[in-house]
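Results of the structural survey
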Amino acid sequence: MLLQAVTGHNLFGNPRFGDGTLTGPYDKPRVSAPFAVMGLPVALFVGAILGQGMTRSWPKALVMGGALLPVLGLLVLAGQRMSLATFLLGTTVCALVLPSLRRPALALLIASPVLIGLLAFMSPDAFGHLVTKTHIQLAHFAGSPYGQIYNRAVVLIQAHPVMGLGDDAFRYYCRVKIYLKPGLADLQPDGGGVSVCVQHTHNHVLEAATNSGLPGAALFVVMIGGWWVALGRAAKRQVCLSDPDIAWRVGLFGAAVLHEWPLSSQSAFLNMPLGGIAFLLLGAGLAEAVRDLRVYRPDGAAIARGALTLSQRPRE
C-alpha cells in the first residue's frame, strides 16, 4: 500500500482504483480489511516487545502508539472507511481490556481526524471516498447501494424466514423476479431491480439469515458470541504472562471483534483472503484459550471446565 501511495502503482503495475483508494497487491481495493485485521494484533505485539524493558508508563505508551500509528496511517491512505472505522473500534476494545493501551488508543482517536484532513491534500480522490461519499451515503442510506442491498436481503428473509434459501442465496436469488419488491425501504417499486444484485449481502448476519433463515442467523450470532467470550477470557487472563503475550492475546480479541462487528459492511464470510486471515487469527486466539484450560484444569487427568482438547478423549 505504501508503494502505491507514493508512486501511484503497486508491484504489479496496478494504479490506484478509480475512486482514489489503494488496492495493495490486488487490482481492486481489497487490501485494507485484511490489513486492519492483521495490523492490530501485530502492532500490539511489536509495541509490547519494544517497550518490554521500559519501567515508566509514558515511554511504553509512546512506543505502543508508535507501533499503532503506521497501521492507522496506511488505513487512512487506503481510503476505505469501514476498515478504518473497525480498526479504531478494535483498538478501543483492546484498550478496555488492557489499561496500558488507553493513552495510545486515545491518541490514535485524536490523530485520526488530523490524518484524514491531511489526506485531502495528499489524495483528494481518496478523501472524497472516505469522507464526502460516506457523508452522502449515511444521509441517504436507504437509497444508497448498501441500503438497497440490505433491503433486498430483508425481502429474501421475509420470503423464507425459517429455512432460508441455501448457500450463497443472495448471489443466486437476488435477480429472481418475485423478489424484485420495494421491501422495507419502499423507495422503488422493484427495490432497485437487478442493479442491486452483487455476490453477497455485505453483512455476515444478513448473509446467514438469507442462507439459513432466522434460526440459522441466531445460531451464527451465538457462535460469534462464543468466539468473543473465549478470546475475551484469554485476553483478560494476564497472570504469569509476558507483556508481548498479553498484547498478542488482547490484539487477537480485538481483531475478532472488528472482523465480526455486526453494524458494518463486510466481505462474504468465507471470502478469501480476508476469511483465511481472520480464521487463522481466530485459531491462534482459541489456541491460547485452550492452553489456559490445560494449564488451569484441576489435575492432569481431569477435563478443564468440561472442555475437551484435541488430545483428550471423553470419559466413558
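Note: the structure precedes this text.
Here's what I pulled together on the structure shown here.

The rules behind each value
Residues numbered from 1 in each chain as written. Predicted model: local features only at pLDDT ≥ 70, side-chain atom pairs only at ≥ 80, totals over all residues. Heavy atoms only, no water. Helix = DSSP H or I, 4+ residues; strand = E, 2+ residues; numbered from the N terminus. Rg over C-alpha atoms; globule rule 2.2 N^0.38 Å. Buried < 20%, exposed > 50% of the residue type's maximum accessible area, 1.4 Å probe, protein only. 1 Å grid on protein atoms, 1.4 Å probe; cavity = no way out; pocket = protein on both sides within 12 Å on 5 of 7 lines; lining within 4 Å. Points joined across faces, edges and corners; volume = space filled by probe spheres on them. Contact = heavy atoms within 4.5 Å. Phe/Tyr/Trp six-rings, centres within 6.5 Å; stacked < 30°, edge-to-face > 60°. Lys NZ or Arg CZ within 6 Å of the ring centre and 35° of its normal. Expected span 1.5 Å × (residues − 1). Polar contact = N/O pair within 3.5 Å; in protein donor to acceptor, adjacent residues only side chain to side chain. Core = buried A, V, L, I, M, F, W, Y, C linked by side-chain atoms within 4.5 Å.

Details of the overall build of the chain
When its secondary structure is counted, the chain shows eleven helices and zero strands. Its C-alpha atoms give the chain a radius of gyration of 22 Å, near enough to 20 Å, the size a compact globule of 316 residues would have. Taken along the three principal axes of its C-alpha coordinates, the chain extends 65 × 65 × 35 Å. Here the chain holds 316 residues, and the buried ones make up 45% of them.

Observations concerning empty space enclosed by the protein
A full pass over the atoms with the stated rule returns three cavities of 30 Å³ or more. Estimates place the volume of the largest cavity at around 110 Å³. Together, Val37, Trp227, Leu252, Ala255, Ala256, His259, Glu260, Phe269, Ala278, Phe279, Leu281 and Leu282 line the largest cavity. Put simply, the parts of the chain that give the lining of the largest cavity at least two residues each are helix H10 (243-260) and helix H11 (274-296). Per-element accounting of the lining of the largest cavity gives the leading share, five residues, to H10. Roughly 50 Å³ of internal volume is contained in the second largest cavity.

Description of the environment of Ile246
Tracing the chain through its elements places Ile246 in helix H10. A relative accessible area of 8% means that Ile246 is categorised as buried. Linking Ile246 and Leu115, residues 131 residues apart in sequence, is a C-alpha distance of 29 Å. Excluding its chain neighbours within four sequence positions, the residues that come into contact with Ile246 are Leu98, Gln238 and Leu241.

Regarding the packing of aromatic side chains
On inspection of all chains with the given rule, the structure shows six aromatic pairs. Here Phe141 and Tyr150 contribute two aromatic rings whose centre-to-centre distance is 6.0 Å and whose plane-to-plane angle is 45°, an arrangement assigned as tilted. On the basis of an interplanar angle of 85° and a centroid distance of 5.4 Å, the ring pair of Phe269 and Phe279 is categorised as edge-to-face. With Phe269 in the loop between H10 and H11 and Phe279 in helix H11, this pair connects stretches of sequence that are ten residues apart. Owing to a relative accessible area of 15%, Phe269 belongs among the buried residues under this scheme. A connected cluster of aromatic rings, assembled from ring pairs, spans Phe220, Trp227, Phe269 and Phe279. Over the aromatic face of Trp58 sits the side chain of Arg103, whose NZ or CZ is 4.1 Å from the ring centroid.

Concerning helix H4 (residues 81-97)
Relative to the 24 Å expected for 17 residues at 1.5 Å per residue, H4 spans 25 Å between its end C-alpha atoms, a close match to the ideal helical length. For H4, a buried count of twelve out of 17 residues is recorded, marking the element as mostly surrounded by other parts of the structure. Listed as buried for H4 are Arg81, Ser83, Leu84, Thr86, Phe87, Leu88, Gly90, Thr91, Val93, Cys94, Ala95 and Val97.

Comments concerning the side chain of Thr201
Relative to the assigned elements, Thr201 resides in the loop between helix H8 (169-173) and helix H9 (204-236). In this structure Thr201 comes out as buried when scored by relative accessible area, which is 1%. Separated by 2.8 Å, the side chain of Thr201 and the backbone oxygen of Asn203 make a polar contact.

Side note on the nonpolar core
Core analysis: the biggest nonpolar cluster contains 69 residues, and Leu44, Leu68, Leu84, Phe87 and Leu101 have the highest contact counts within it. Discounting chain neighbours no more than four positions away, the residues touching Leu68 are Leu40, Ala43, Leu44, Phe87, Thr91, Leu101 and Leu108.

Interpretation note: all reported values are geometric properties and have no functional meaning in isolation.
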